[in-house]
Amino acid sequence: MRWRDVLAQAARTARLMVGVPDYEAYAAHRRAEHPGEPVMSRAEFLRDRTERRFGAGGGISRCC
Amino acid sequence: MATAAANGRPFGWVPWALVAAIGAAALGIVALHRGETINALWLVVAAVCVYLTAYRFYATFIARKVLGIDPSRRTPAVRHNDGLDYVPTHRNVLFGHHFAAIAGAGPLVGPVLAAQMGYLPGTLWILVGVVFAGAVQDFLMLFISTRRDGRSLGEIIRAEMGNVPGVIAMIGILMIMIILLAVLALVVVKALAESPWGTFTVFATMPIALFMGLYGRYIRPGRIGEVSLIGLVGLLLAIILGEDVAASASWGPAFTFSGEELALMLIGYGFVASVIPVWLLLAPRDYLSTFLKIGTIVGLAIGILIVRPELQMPAVTRFIDGSGPVFAGNLFPFLFITIACGAVSGFSFARRLGNDAQDDRERGPFADDRLRRDADGKLRRDHGAGRRKRARSCHLLRAEQPSRADRHHDQRSRAGSVRLGLHRHAGDAGPGRLTGRRSDDPVPHRRRADPRRRHGQYPFERRRRARHDGLLVPFRHPVRGLVHPHHRRCRHARGAVHDPGSPRHVRGAVEGHQKLDRQPRGNCARGRRLGLVPLPGVTDPLGGINTLWPLFGISNQMLAAIALTLCTVVLFRMKRERYAWVTLLPLSWLLICTLTAGWQKMFHADPKIGFLAHASKYSDALARGEILAPAKSVAQMRQVIFNDYVNASLCALFIAVVLAIVFYGIRSVVSARRSDVPTTREVADALA
C-alpha cells in the first residue's frame, strides 16, 4: 500500500513536471465541495487544461 | 527536515554537520588543486553540499526571523481551491513542478559562455550568487506573491510602491521580455544553422508531436504516460537517426540551412503552430521539450557521477583581462552579467506568478458557474465585502450592460441592480438566497453595515472604485476574495504584453465571439515576435549573440534588481527593517554590477565593449570609405552602426528603468519608516 502511494506521488510529480494537472485532485475537490454538480471526465479535463495552458493568453511562460 | 534540531531530536545536527564537512572538503580540494585538470565530481559535490547547508540554515533563518512565516495562514491554493488552477499540493510534488518551469536555455548558455574565464570564477559566483541573491529573491518574491493571491511582479510593485513605478516596471518588463525572446530564438537559430543533425532532430519532433497529439486526443485520451513514452522513444530515434542523416550525401544538404533561412522558418512555424489547434502540435512539443530538458539535466548529473570526468580547463584563464573571444569585458562586471540567470534570475517571477500561481480560472464549463455563483453574492459573509463584490459582479457582466455610465448608475441603485438580475429579494429561493438584512443595500445601509467605512478607514473608497476598474481594489480593501476571478482572468489573459496598458481599456472575454477570434491573433503575435526579432540578429554581420547576450544579461539582472527593490520595500513596510540587509546586500551588488556594466556597454572607449565607441569606429571608417572586417558592404556598415545605436538606447532605457524603480523604492522605504505599524497590502485572509 505504501509503495502504491509513493508511486502515485511520483506519477503526480512527473505529470506536474510536464504541466499536466492532477485529475484525481480535481475530481475529489468537485465531489467534496460541489456535490451534485457535474464533474468533467478525464478526457474533458485534459482538453480543458490543455486549452487553458496553451490557448489564448497562454499559461506557459518560462524564465530564461 | 528543517525542524529536526528544533524538535529536540538530540542528534538532528549530525547529518548537517556531515553535509557541511563534505562540502567544505570538496571546496577545499577545488581550492587547493593545482594544475590543468580537475575532477568535475568535486564541483558537483561542493555545489550540492553548499546548497543543502544554505537551505537548512539560511533559508530557515529567512523564513522564521526575517519573514515570520505563519503556518496558520492559508495560501491562495487553499483559499481558492477549485481543483483546477488552485490546488493544494504536497510540497515535494510542487517542487517538481517548479523545477520543470524554471529551467530553460538561459541558465545553461550563460555559464557556458562564462567558462572562457576559467571554471573557478563562474563556479564561485553560481554558488555565492544563488545562496545570497538568487534564492533569496525567489524565496521572498514567492512569499510576497503568495500573500497577495499570486499577483505578478508588476502588479505588486503598483500596489506597494505606487502607480508610476508600477507602470515603469511593467514597461521595463515588457522590453526585457522582448530581448529575452529574441536572444532565446537566436540561440536556437545559431545552434541549428549549418547543422543538419540538429535541424533533422528538431524537424523530426514535429511529426512525432503530431502523432502524440492525435494519440492523446483520439486513440487513448488522457494517457499521458503512454504518450510520453511514445514521444521519448521517437525523440531518441530522431537523435540517433540524425547522425546518419547528417552524414548522408543526399539528405545531409537537405537539412542544412543558413541562419537567415532558419529565422524565416521560425516565423512560418510560429504562424502555423498558432493557427492549428494547440493540442495537435504545441502541447505535445512542449511535453517533448520538457522531457528533453529534464533528461539532459538529470543525465548530466548522473553522467558526472559515473564518469567523473576531468575538466580540461584551467581555474582562471588569461581572458579575465577582458580580451576574451566569446565576450569582451573584464571579470567585473561582465562575468556576472554573462552568467545572468545561471545564478540570479530576474525572470522567474516576472511572468510565472502571473500565470501558474495566480488563479486564472477558466473558460470551460465552470467559468459560467462561478460567475453566476459570485453574482449571486454567495460570498457575502465578509462584512461589507458583499457590496463590493456585487459592484465587481456588475462589472463583470458588462456584456449585458448598455454603457459605462449606466453601469456606474446601476451599481448604486437598487432598481439598477434588479434590472441587471443581480439583486435578489430576501425571500428568493436558490443558492444565493439571503435571509434577513443584507449588507449590500443602498448606500446609507451599507455605511451602517460596514464598520471600517464608518470609522473612516477608507475615506476614498467610493471615488477610487469609480475610477479604477479593479486593479488596486483588492489591495486597498483588504477583504478576502474581493476581486472577482474574472478580473484576474482578464488581466491574466493580457499577459505581459498588455500589462503596461491601463486595465480599464481591456475588454473582458465574457462575450463568446471574443474567445473565438482572440486565440489565433494572440498566438500569431507571439509567433511573429519569435521570428522577427532574431532576423536582424542573424543578419547582423557581427553575429547577434555577441552583442545581444550582454544586453540580455544586463536586462535580466536589472529585473532581478527591480524584484529585490520590491522585496526590500516590502520588508520595510512589514516593519522588519532589522533584517533588511538580507535583500539590501544582494540588491547593492546587483546594482553595482548592472549599472557598471550598462555604463561600460554604452560609453567604454574600447569598441569591443562600448556600443557608442563601436559605432563611432565604424562611422569613422565609413567616412574614410573603408569597410571594416565583419561587414562586407557599405549597407552592412550602416547596419552595424544602426544596431549599435539601438543597443545603446536599449541599455540606456534599462538603466533609466532600474534607477527610477530604485528612486521610488527609496521613497517608499522612507514613508514606510514614518509609520509605526505595518503598511503592507496583503490580502485580508493573511492579515487576520
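### Considerations on the overall build of chain B
Across its full length, chain B carries 31 helices and two strands. Counted over contacts in chain B with a minimum sequence separation of 6, partners at least 24 positions apart contribute 77%.

### Quick notes on the overall build of chain A
Regarding its fold elements, chain A presents three helices and zero strands. Reading chain A from its N end, one meets helices and strands in the order α-α-α. The proportion of buried residues among the 64 residues of chain A is 47%.

### Quick look at the packing of aromatic side chains
Residue and element names in this part refer to chain B. Across all of its chains, the model carries 22 aromatic pairs over all chains by this definition. For the ring pair Phe-61 and Trp-581, a centre distance of 5.9 Å and an interplane angle of 25° mean the geometry is stacked. Remark: Trp-581 occurs in helix H28 (residues 581-603) and Phe-61 occurs in helix H2 (residues 40-66); sequence separation between them is 520 residues. Taking relative accessible area as the criterion, Phe-61 reaches 24% and is therefore assigned partly exposed. Between Phe-663 and Tyr-664, the aromatic rings sit 5.2 Å apart at their centres with planes inclined by 75°, giving edge-to-face as the arrangement.

### Structural notes on the environment of Glu-260 of chain B
Residues and elements named next belong to chain B. Among the secondary structure elements, Glu-260 is positioned in helix H12 (residues 259-275). Look at Glu-260 and you get partly exposed, because its relative accessible area is 45%. For Glu-260 and Lys-190, which are 70 residues apart along the polypeptide, the C-alpha to C-alpha distance reads 9.6 Å.

### A look at the nonpolar core
Across soluble globular proteins, nonpolar side chains have a tendency to be buried as a group. Residues and elements named next belong to chain B. Among the nonpolar cores identified, the biggest contains 85 residues, and Ile-62, Leu-153, Ile-179, Leu-551, Phe-552 and Leu-566 are the most heavily contacted of them. Looking at this core, the element that brings in the most residues is helix H27 (residues 544-573), giving 18 residues. Excluding anything up to four places from it in sequence, Leu-551 contacts Ile-179, Phe-611, Asn-647, Leu-650, Cys-651 and Phe-654.

### Here we look at a nonpolar patch on the surface
Residues and elements named next belong to chain B. A cluster of nonpolar residues, Trp-197, Leu-232, Leu-236, Ile-239, Ile-240 and Leu-292, forms a patch on the protein surface that exposes about 530 Å² of accessible area. At four residues, helix H10 (residues 224-247) tops the list of elements feeding residues into the nonpolar patch. Take Trp-197: it is sitting in helix H9 (residues 196-219).

### Here we look at the packing of H28 of chain B against helix H29 (residues 611-623) of chain B
Residues and elements named next belong to chain B. Remark: H28 packs on H29, axes separated minimally by 3 Å, with the N-to-C direction vectors making an angle of 10°. By the angle between their directions, the pair H28 and H29 is classed as roughly parallel. Contacts between H28 and H29 pair Lys-601, Met-602 and Phe-603 from the former with Phe-611, Leu-612 and Ala-613 from the latter. In terms of residue class, the contact of H28 with H29 is built from five nonpolar, no polar and one charged.

### Notes on the packing of H10 of chain B against helix H13 (residues 282-307) of chain B
All names here are of chain B. H13 packs onto H10 with a crossing angle of 65° between their chain directions and a minimal axis gap of 10 Å. In terms of their interaxial angle, H10 and H13 are classed as roughly perpendicular. Like other packed secondary-structure pairs, H10 and H13 cross with a definite hand, here right-handed. Only Tyr-287, Leu-288, Phe-291 and Leu-292 of H13 make contact with H10, whose side of the interface consists of Ile-224, Ser-228, Gly-231, Leu-232, Leu-235 and Ile-239. A per-class count over the contact of H10 with H13 returns eight nonpolar, two polar and no charged.

### Focus: H12 of chain B
Residues and elements named next belong to chain B. Here H12 contains 17 residues, and its C-alpha end-to-end distance of 25 Å stays within 8% of the 24 Å for a straight helix at 1.5 Å per residue. Within H12, the full set of buried residues consists of Gly-259, Leu-262, Ala-263, Ile-267, Gly-270, Ala-273 and Ser-274. Projection of H12 onto a plane perpendicular to its axis shows the buried side chains occupying an angular sector of 150°, all on one side.

### A look at the pattern of salt bridges
Between side chains of opposite charge, a pair can form when the charged atoms approach closely. Overall, the coordinates contain 16 salt bridges over all chains when judged by the stated rule. The partner of Glu-37 of chain A in a salt bridge is Arg-30 of chain A, with the nearest N and O atoms 3.3 Å apart. For Glu-37 of chain A, a relative accessible area of 30% translates into the label partly exposed. The exposure class assigned to Arg-30 of chain A is buried, which follows from its relative accessible area of 5%. Arg-49 of chain A is paired through a salt bridge with Asp-48 of chain A; the nearest N and O atoms lie 3.1 Å apart. Residues Arg-49 of chain A and Asp-48 of chain A agree in their burial class; the two are buried. A single network of salt bridges, built from pairs that share partners, joins Asp-70, Arg-73, Arg-147 and Glu-682 of chain B.

### Details of unusual backbone geometry
Backbone phi values are negative for most residues with the exception of glycine, while trans is the configuration of most peptide bonds. Residue and element names in this part refer to chain B. In this model, Phe-332 is joined to Pro-333 through a cis peptide bond whose omega is 0°. Secondary-structure assignment places Pro-333 in helix H14 (residues 331-339). A positive phi is found at Asp-149, a non-glycine position, where the angle reads about 60°. Notably, Ala-340 is not glycine yet its phi reads approximately 45°, a positive angle.

### What about H29 of chain B?
Residue and element names in this part refer to chain B. The terminal C-alpha atoms of H29, which comprises 13 residues, lie 18 Å apart, in line with the 18 Å expected from a rise of 1.5 Å per residue. Within the sequence span of H29, burial applies to Phe-611, Ala-613, His-614, Ala-615, Tyr-618, Ala-621 and Leu-622. At the exit of H29 stands Gly-625, carrying a positive phi of roughly 80°.

### Here's the deal with the side chain of Asp-644 of chain B
All names here are of chain B. Within the secondary structure layout, Asp-644 lies in helix H30 (residues 634-674). Summary of buried charges: Asp-644 has no salt-bridge partner, and the nearest side chain of opposite charge, Lys-601, is 8.3 Å away. Here His-614 takes part through its side chain, which lies 2.5 Å from a polar atom of the side chain of Asp-644. Those residues in contact with Asp-644 that sit more than four places away from it in its chain are Phe-611, His-614 and Ala-615.

### With respect to the side chain of Glu-160 of chain B
Residues and elements named next belong to chain B. Considering the arrangement of structural elements, one finds Glu-160 in helix H7 (residues 153-161). The exposure class of Glu-160 is buried, given its relative accessible area of 2%. Apart from residues lying up to four places away in sequence, Glu-160 is in contact with Arg-148, Leu-566, Val-569, Val-570, Arg-573, Ser-668, Thr-679, Thr-680 and Arg-681.

### Remarks on the confidence of the model for chain A
In regions of low pLDDT, the predicted coordinates are not meant to be interpreted in detail. Mean pLDDT over chain A works out to 80, with 83% of the residues at or above the 70 mark. Across chain A, element-level confidence peaks in helix H2 (residues 23-33) of chain A with a mean pLDDT of 88 and bottoms out in helix H3 (residues 42-54) of chain A with 83.

### Quick look at the environment of Tyr-215 of chain B
Residue and element names in this part refer to chain B. Here Tyr-215 is to be found in helix H9. Relative accessible area serves as the criterion here: at 14%, Tyr-215 is assigned to the buried category. Distance from Tyr-215 to Ile-306, taken between C-alpha atoms, is 37 Å for residues 91 residues apart in sequence. Residues contacting Tyr-215, with those up to four places away along its chain left out, are Arg-220, Pro-221, Glu-226, Val-227 and Ile-230. A polar side-chain atom of Tyr-215 sits 2.7 Å from a polar atom in the side chain of Glu-226.

### So, the confidence of the model for chain B
Residue and element names in this part refer to chain B. Predicted confidence across chain B gives a mean pLDDT of 72, with 68% of residues reaching 70 or more. Element-level mean pLDDT values for chain B span from 26 in helix H16 (residues 365-375) up to 95 in H28. Segment residues 1-5 is flagged for pLDDT under 50; beyond a separation of four residues in sequence, or across chains, it makes 10 contacts in the model. Note on residues 416-534: pLDDT under 50 across the span, and 233 contacts to partners over four residues away in sequence or across chains. Reported confidence for the predicted complex is 0.86 by ipTM and 0.72 by pTM.

Calculation rules
Residues numbered from 1 in each chain as written. Chains lettered and ligands numbered in written order. Predicted model: local features only at pLDDT ≥ 70, side-chain atom pairs only at ≥ 80, totals over all residues. Heavy atoms only, no water. Helix = DSSP H or I, 4+ residues; strand = E, 2+ residues; numbered from the N terminus. Contact = heavy atoms within 4.5 Å. Buried < 20%, exposed > 50% of the residue type's maximum accessible area, 1.4 Å probe, protein only. Phe/Tyr/Trp six-rings, centres within 6.5 Å; stacked < 30°, edge-to-face > 60°. Core = buried A, V, L, I, M, F, W, Y, C linked by side-chain atoms within 4.5 Å. Patch = residues over 30% accessible without salt bridge, like charges linked within 9 Å, V, L, I, M, F, W, Y side chains within 5 Å. Areas by Shrake-Rupley, 256 points an atom, 1.4 Å probe, with all protein chains shown as cover. Salt bridge = Lys/Arg side-chain N within 4 Å of Asp/Glu carboxyl O. Axes fitted to C-alpha atoms, helices over the stretch in contact; angles between N-to-C directions. Parallel < 35°, antiparallel > 145°, perpendicular 65-115°, else oblique. Nonpolar A, V, L, I, M, F, W, Y, C, P; charged D, E, K, R; others polar. Left-handed = near helix turned anticlockwise from the far one by under 90°. Expected span 1.5 Å × (residues − 1). Arc of directions from axis to C-beta. Lys, Arg positive; Asp, Glu negative; His and termini not counted. Polar contact = N/O pair within 3.5 Å; in protein donor to acceptor, adjacent residues only side chain to side chain. pLDDT = per-residue confidence, 0-100.

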